[in-house]
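Each chain, letter by letter, is given below.
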Amino acid sequence: MNDDIKIKPYDGPVGGWGSMTSIAHHVRDEAAATALPELARQNKPDGFACTSCAWAKPAKAHLAEFCENGAKATFAELTRRRVGADFFASHTVSELRGWPDQALEHQGRLTEPLRYDAALDRYVPVGWDQAFEEIGRQLQALRADDPDAVVFYTSGRASLETAYLWQLFARLYGTNNLPDSSNMCHESTSVGLKAAMGQPVGTVRLEDFEKTDCLFFFGQNVGSNSPRMLHPLQEASERGVPIIVFNPLHERGLEEFTNPQRPLQMATRSTTRIASRYHAVRPGGDIAAITGLCKALLALDDEAQAAGRPRVLDVDFIAQHTQGFDDFAAFVRAQDWADIEATSGLQRAALTESAQIYAKATATIGVYGMGLTQHELGVDNVRMLVNLLLMRGNIGRPGAGACPVRGHSNVQGQRTVGIAEKPELVPLDVLARQYGFEPPRHKGMNTVEACASVLNGRVKAFLGLGGNFVRAVPDHHAMEPAWQRLPLTVHVATKLNRSHLLPGRSSWLLPCLGRIERDLQAGGVQTVSVEDSTACVHASRGQHAPASEHLLSETAIVAGLAQATLPPNPQVDWAGWVADYARIRDAIEATWPDQFAQFNQRMHQPGGFARPLPAVQRQWKTPSGKAEFKAPARLDAAFAGDGGDDVLRLVTLRSNDQFNTTVYGYDDRLRGIQGTRDVLLMNRDDMRRLGVADGSTVTLACAAADAGPNPEGVLREVPGLRVVAYDLPAGCCAGYYPECNPVVPLSHHARESHVPAVKSVPVRVRAQGQA
Ligand SMILES: Nc1nc2c(c(=O)[nH]1)N[C@H]1C(S)=C(S)[C@@H](COP(=O)(O)OP(=O)(O)OC[C@H]3O[C@@H](n4cnc5c(=O)[nH]c(N)nc54)[C@H](O)[C@@H]3O)O[C@H]1N2
Ligand SMILES: Nc1nc2c(c(=O)[nH]1)N[C@H]1C(S)=C(S)[C@@H](COP(=O)(O)OP(=O)(O)OC[C@H]3O[C@@H](n4cnc5c(=O)[nH]c(N)nc54)[C@H](O)[C@@H]3O)O[C@H]1N2
Ligand SMILES: [Mo]
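All figures in this text were calculated on a predicted structure; none of them were measured in a lab.

Across its full length, the protein chain holds 29 helices and 34 strands. Its C-alpha atoms give the protein chain a radius of gyration of 25 Å, near enough to 28 Å, the size a compact globule of 771 residues would have. Structurally, the protein chain occupies a C-alpha span of about 80 × 60 × 55 Å along its principal axes. In the protein chain, which comprises 771 residues, the proportion classed as buried is 66%. The long-range fraction of contacts in the protein chain, counting pairs at least 24 apart against all pairs at least 6 apart in sequence, stands at 79%. When the accessible area of the protein chain is evaluated, it comes to approximately 26,100 Å², of which 51% is carbon and sulfur surface. Placing the 78 positive and 85 negative side-chain charges of the protein chain at their respective mean positions leaves the two points 2 Å apart.

Here you go:
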């Protein structure tokens with residue numbers, strides 16, 4: 001790898017010719033010629049919903065309604081490479097464990113069900129019936145003992161139909177152990193928004209971007225992680241809408257964009273500016289930054305009141321629709337500018353100017369991502385953004401609202417159809433009547449709790465519907481050995497990944513169809529559905545030939561496992577559901593008649609059908625019946641007390657060439673880092689202070705107060721990182737996820753939501769020698 005390393009600041013735009021070249025490179029590389037025509041159907045009303053991000057799919061699609069990374073996701077799914085029985089015959093699992101993530105991904109699609117044979121240390125082919133039967137038998141035995149020893153994990157890609165069957169399987173089995181990838185992601189949103197305004201999802205629809213006149217953008221890397229969102233942002237910028245960004249890194253996608261859909265812009269290589277103001281906030285500094293904005297806003301309101309001008313606060317809205325304003329305002333007034341500046345790393349003058357822009361706007365949207373949710377005070381971060389919006393009545397008004405940008409393409413929808421470890425979020429009484437059983441009423445495990453219970457031996461079986469769980473979670477050097485003590489692991493997957501290579505006593509790999517592939521069942525070719533970040537539900541129909549004739553759909557696999565495990569129930573027609581997914585949608589509609597009215601008829605509507613959102617109507621489903629202001633626990637969202645001059649705050653990041661733990665390649669074009677992912681981005685002053693040189697090799701070590709070895713006795717360290725001098729605030733550094741996950745302690749998670757605090761890990765950097 002080393003010869004190919006190129007590190008050079010990137011000053012080009014996002015999109016443009018760079019993204020075209022990158023797409024072309026991936027077409028060649030994946031040899032996915034048959035995938036090319038599929039791009040024309042991507043995110044179209046009669047096509048398939050992209051398997052990459054969850055951004056809204058417009059009713060009037062662009063000619064090409066896909067982005068560089070969406071195209072990569074399509075090529076990755078439709079690759080012609082295959083991992084068949086011959087591959088596993090020639091590689092032991094121990095050998096494969098030594099391969100890098102990218103090499104595993106690169107082998108291509110799994111083709112048939114596999115069982116781990118411990119004597120051979122290999123995966124060997126097995127028939128579907130035998131796999132279901134044996135897994136079913138083991139699950140029955142575990143159920144007799146303790147259904148809560150089994151975890152039913154979901155990664156956010158599976159459709160609404162599959163997710164509904166999965167949660168029903170778990171509950172019929174007797175557990176609410178339904179952790180989801182959103183436990184590592186937007187759970188701070190689900191908790192924070194629900195408490196603040198009574199709904200766990202954002203309030204913004206795509207058309208609000210056409211009506212807004214101010215955008216705040218916190219901790220979301222649009223250029224890599226939701227590039228289609230650059231279209232509404234470009235249009236807003238061209239209308240003169242101020243876009244005010246808070247991000248410790250100068251992400252190119254938030255700075256400049258060249259729209260590949262505009263021939264003139266491409267030909268002239270011109271760009272559109274996205275951010276009008278860029279605040280390089282310290283990681284964990286957003287509560288302080290927003291406190292500064294609110295404090296400046298209160299001052300402007302005081303001045304307006306004194307001068308007899310119209311108020312800056314929306315006092316009518318605050319009086320009629322909210323609760324807790326006085327306490328919140330008292331908190332804000334009591335904060336010192338010096339503390340705000342020190343914690344946010346931003347100047348009072350800069351924050352005041354942004355507050356002035358906000359004060360003039362009539363409709364403001366607050367967009368955010370992992371930069372807010374993945375901190376110890378991730379929930380407070382989300383609530384601070386809501387506080388800011390509520391001060392000027394920016395919820396439930398056209399062109400305004402809270403806009404969390406969700407991760408996986410159906411992660412929001414899975415929660416909507418019952419994937420939840422918290423029983424109070426699910427209409428259990430309805431399910432009880434619908435299926436004639438008594439669902440478990442006690443809380444299940446979230447992701448962090450599931451990890452802790454794998455480590456302490458409470459969990460006996462892990463069933464994963466997608467995902468690369470062990471690689472994605474904190475403390476993975478502790479998780480890996482503990483994982484191999486699990487009596488049963490079952491992975492439903494499309495591609496081989498590291499979690500599959502840590503077999504427990506009985507381990508199974510069940511390969512499924514991808515969403516872009518034709519899903520033919522007894523009732524004909526099936527359509528599935530997904531919910532986007534704006535709570536619109538879309539149909540998605542795959543048409544590409546399946547990667548192998550032995551694949552089953554995710555829906556069929558879930559039904560197969562459930563039928564082999566559970567006693568027959570005349571009210572649960574697994575076979576009928578698999579034959580015709582429209583019947584699953586009828587069942588979903590029966591469980592949530594308000595949310596999914598006429599599901600089958602409406603799902604083909606261009607742009608999707610919008611689920612009703614009470615907060616948009618200014619109906620607040622909170623205990624008080626009002627939207628709630630809330631003062632944060634403190635100004636710094638990161639862990640307190642992990643001090644020391646030599647301690648830096650580590651931000652873990654995605655590159656432009658990965659989808660979560662799926663590493664497509666080593667080209668983080670938009671950050672100018674090519675050929676390696678083993679890097680540590682550092683501020684030059686810190687490098688000088690700590691005596692590490694650009695290009696030198698360092699070891700990163702956890703410096704949390706509860707640091708020390710992980711539960712398996714392994715030090716929380718990552719060696720072999722190359723230092724890259726980078727433009728980020730002093731006192732912090734950044735590295736890639738998942739490579740840096742061994743330094744993140746499992747105990748280091750958001751209060752309330754349990755989202756791992758992977759955007760502010762206290763670390764020390766130790767020199768290993770010069771490169
Ligand atoms: N191509 C591609 N698309 C993806 C994914 C992918 O891996 N690849 N993953 C999908 C998933 S599951 C998710 S959840 C989303 C994730 O998408 P994002 O929400 O964009 O998540 P990250 O890439 O982790 O980075 C978040 C941004 O927050 C900034 N940041 C870090 N700490 C702070 C902070 O304290 N404050 C502020 N204001 N900013 C901060 C970082 O510099 C970075 O720009 O993307 C989804 N889409
Ligand atoms: N340090 C750090 N850690 C993080 C994060 C971070 O920012 N920093 N981000 C967190 C976040 S937001 C998330 S969402 C997690 C996600 O982390 P992951 O678990 O990596 O998420 P996925 O992308 O779902 O997992 C990829 C695997 O899903 C399987 N797969 C792909 N397509 C399909 C399909 O159609 N069906 C099925 N059944 N399987 C499929 C493939 O086998 C592939 O290997 O990581 C979290 N971990
Ligand atoms: Mo995510």
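On we go.
The next point concerns the sheet that holds strand β10 (residues 256–258). Strands sit in the order β2-β10-β11 across an open sheet of 3 strands; the sheet is mixed. Each edge of the open sheet is held by one strand with a lone partner, namely β2 (14–15) and β11 (272–273). Sheet topology note: the β10/β11 ladder contains 2 bridges and is antiparallel. Among the inter-strand pairings, Phe257 is bridged to a residue of β11, identified as Thr272.

Under the present numbering, the feature "domain: Molybdopterin oxidoreductase" (unreviewed entry) in UniProt falls on residues 109–490. The span residues 109–490 is 47% helical and 13% strand by assignment, and the distance between its end C-alpha atoms comes to 17 Å.

Near ligand 2 lie 29 residues; those nearest to it are Ser155, Glu554, Thr661, Tyr737 and Asn741. In this structure, Gly467 approaches ligand 2 through a main-chain N or O atom, which is 3.2 Å from an oxygen atom. Taking Ala472, its main chain carries an N or O atom lying 2.8 Å from a nitrogen atom of ligand 2. Its free accessible area being 930 Å², ligand 2 has 96% of it covered by the protein chains. Its residues assigned to classes, the shell around ligand 2 shows 10 nonpolar, 14 polar and 5 charged. Lining the shell around ligand 2 are residues from two domains, each supplying at least three of them: domain 1 (83–118 + 129–183 + 411–525 + 550–592) and domain 3 (648–767).

A separate point is the packing of aromatic side chains. Going through the model one piece at a time under the given rule, you end up with 28 aromatic pairs. Look at Tyr116 and Tyr123: their rings are 5.8 Å apart centre to centre, the planes differ by 70 degrees, and that puts the pair in the edge-to-face class. Residue classification places Tyr116 among the buried positions, given a relative accessible area of 13%. Between Tyr164 and Trp592 the ring centres are 6.0 Å apart and the planes differ by 75 degrees, which places this aromatic pair in the edge-to-face class. Linking Tyr164 in helix α7 (residues 160–173) with Trp592 in the loop between α27 (581–591) and α28 (599–602), this pair joins segments that are 428 residues apart in sequence.

In this structure, Ala493 sits in strand β17 (residues 488–493). Remark: the alpha-carbon pair of Ala493 and Leu513, spanning 20 residues in sequence, is separated by 8.6 Å. When near neighbours in sequence (up to four residues on either side) are disregarded, Ala493 contacts Leu110, His500, Leu509, Leu510, Pro511 and Cys512.

This brings us to the nonpolar core. Ranked by internal contacts, the top residues of the largest apolar core, which has 61 residues, are Tyr164, Phe169, Leu510 and Trp574. Not counting the four nearest positions on each side in its chain, Tyr164 is found in contact with Val417, Leu431, Gln434, Tyr435, Ile584, Ala587, Ile588, Thr591 and Trp592. Core analysis: the next-biggest nonpolar cluster, separate from the first, contains 57 residues, Phe246, Leu300, Ala359 and Trp620 among them.

Mapping Asn410 onto the fold places it in the loop between β15 (401–404) and α20 (411–416). The class of Asn410 is buried, set by a relative accessible area of 0%. Within the structure, Asn410 has its side chain in polar contact with the backbone oxygen of Ala158 (distance 2.9 Å). Beyond its immediate sequence surroundings of up to four residues, Asn410 is in contact with Gly156, Arg157, Ala158, Ser159, Leu160, Arg515, Ser529, Val530 and Glu531.

Given 3.6 residues per turn, any residue in an α-helix points the same way as the ones three and four places further on. The terminal C-alpha atoms of helix α6 (residues 128–145) lie 26 Å apart, and with 18 residues this matches the ideal 26 Å at 1.5 Å per residue to within 8%. Every buried residue of α6 is accounted for by Trp128, Ala131, Phe132, Ile135, Gly136, Leu139 and Leu142. Down the axis of α6, the buried set is contained in an arc of 130 degrees. They therefore lie on one face. Away from the buried face of α6 by more than 90 degrees, exposed residues Asp129, Ala141, Ala144 and Asp145 are located. The secondary structure elements touched by the buried residues of α6 are β7 (150–154), α7, β16 (461–465), β17, β18 (506–511) and α25 (554–565).

Judged by pairing direction, the sheet is mixed, and its 6 strands sit side by side in the order β6-β5-β18-β17-β16-β7 without closing on themselves. Among the strands making up the open sheet, the edge pair consists of β6 (122–125) and β7. When strand polarity is set aside, the average angle formed by the axes of neighbouring strands in this sheet is 20 degrees. As paired elements, β16 and β17 share 5 bridges and run parallel to each other. What sits directly across from Leu463, in β17, is Val490. Its contacts with the sheet place α25 against β16, β17 and β18, and it is angled at close to 145 degrees to β18.

As a matter of local geometry, ligand 1 sits amid 30 residues, with Asn247, Glu251, Asp286, Gln658 and Asn660 nearest to it. Here a nitrogen atom of ligand 1 and a backbone polar atom of Ser224 are 2.9 Å apart. Between ligand 1 and the protein, one listed contact pairs a nitrogen atom with a side-chain N or O atom of Asp286 at 2.6 Å. Burial of ligand 1 by the surrounding chains reaches 99%, relative to a free accessible area of 920 Å². Every element with two or more residues in the shell around ligand 1 is listed here: α10 (222–225), α18 (370–373), β25 (648–653) and β26 (658–659). For the shell around ligand 1, the class distribution of residues is 11 nonpolar, 15 polar and 4 charged. Looking at which domains feed residues into the shell around ligand 1, each of domain 2 (187–405) and domain 3 (648–767) gives three or more.

Once that is clear, we can look at the domain arrangement of the protein chain. Structurally, the protein chain comprises domain 1 (83–118 + 129–183 + 411–525 + 550–592), domain 2 (187–405) and domain 3 (648–767). The interface is formed by 25 residues belonging to domain 1 together with 25 residues belonging to domain 3. Summing the contributions of domain 1 and of domain 3, the shared interface buries around 2,100 Å²; its carbon and sulfur component is 58%. Where domain 1 touches domain 3, the interface holds 1 salt bridge.

All right, on to the pattern of salt bridges then. A full pass over the atoms with the stated rule returns 37 salt bridges. Glu161 serves as the salt-bridge partner of Arg585, at 2.7 Å between the closest nitrogen and oxygen. Of this pair, Arg585 sits in helix α27 while Glu161 sits in helix α7, and the two are 424 residues apart along the sequence. No difference in accessibility class separates Arg585 from Glu161, as the two residues are buried. Put simply, Arg751 and Glu376 hold a salt bridge, and the shortest N to O gap is 3.1 Å. Separated by 375 residues along the polypeptide, Arg751 in the loop between β33 (732–736) and β34 (761–769) and Glu376 in the loop between α18 and α19 (378–391) bring together distant segments of the chain. Three or more residues joined by partner-sharing salt bridges are found here, namely Glu68, Lys72, Asp657 and Arg669.

Reading the values: the criteria
- Residues numbered from 1 in each chain as written.
- Chains lettered and ligands numbered in written order.
- Predicted model: local features only at pLDDT ≥ 70, side-chain atom pairs only at ≥ 80, totals over all residues.
- Heavy atoms only, no water.
- Helix = DSSP H or I, 4+ residues; strand = E, 2+ residues; numbered from the N terminus.
- Rg over C-alpha atoms; globule rule 2.2 N^0.38 Å.
- Buried < 20%, exposed > 50% of the residue type's maximum accessible area, 1.4 Å probe, protein only.
- Contact = heavy atoms within 4.5 Å.
- Areas by Shrake-Rupley, 256 points an atom, 1.4 Å probe, with all protein chains shown as cover.
- Lys, Arg positive; Asp, Glu negative; His and termini not counted.
- Charge placed at Lys NZ, Arg CZ, Asp CG, Glu CD.
- Pairing = 2+ DSSP bridges.
- UniProt positions renumbered as here; feature names shortened; annotations may be inferred.
- Near = heavy atom within 4 Å.
- Polar contact = N/O pair within 3.5 Å; in protein donor to acceptor, adjacent residues only side chain to side chain.
- Nonpolar A, V, L, I, M, F, W, Y, C, P; charged D, E, K, R; others polar.
- Domains from an automatic or database assignment.
- Phe/Tyr/Trp six-rings, centres within 6.5 Å; stacked < 30°, edge-to-face > 60°.
- Core = buried A, V, L, I, M, F, W, Y, C linked by side-chain atoms within 4.5 Å.
- Expected span 1.5 Å × (residues − 1).
- Arc of directions from axis to C-beta.
- Axes fitted to C-alpha atoms, helices over the stretch in contact; angles between N-to-C directions.
- Buried area = accessible area lost by both parts, 1.4 Å probe.
- Salt bridge = Lys/Arg side-chain N within 4 Å of Asp/Glu carboxyl O.

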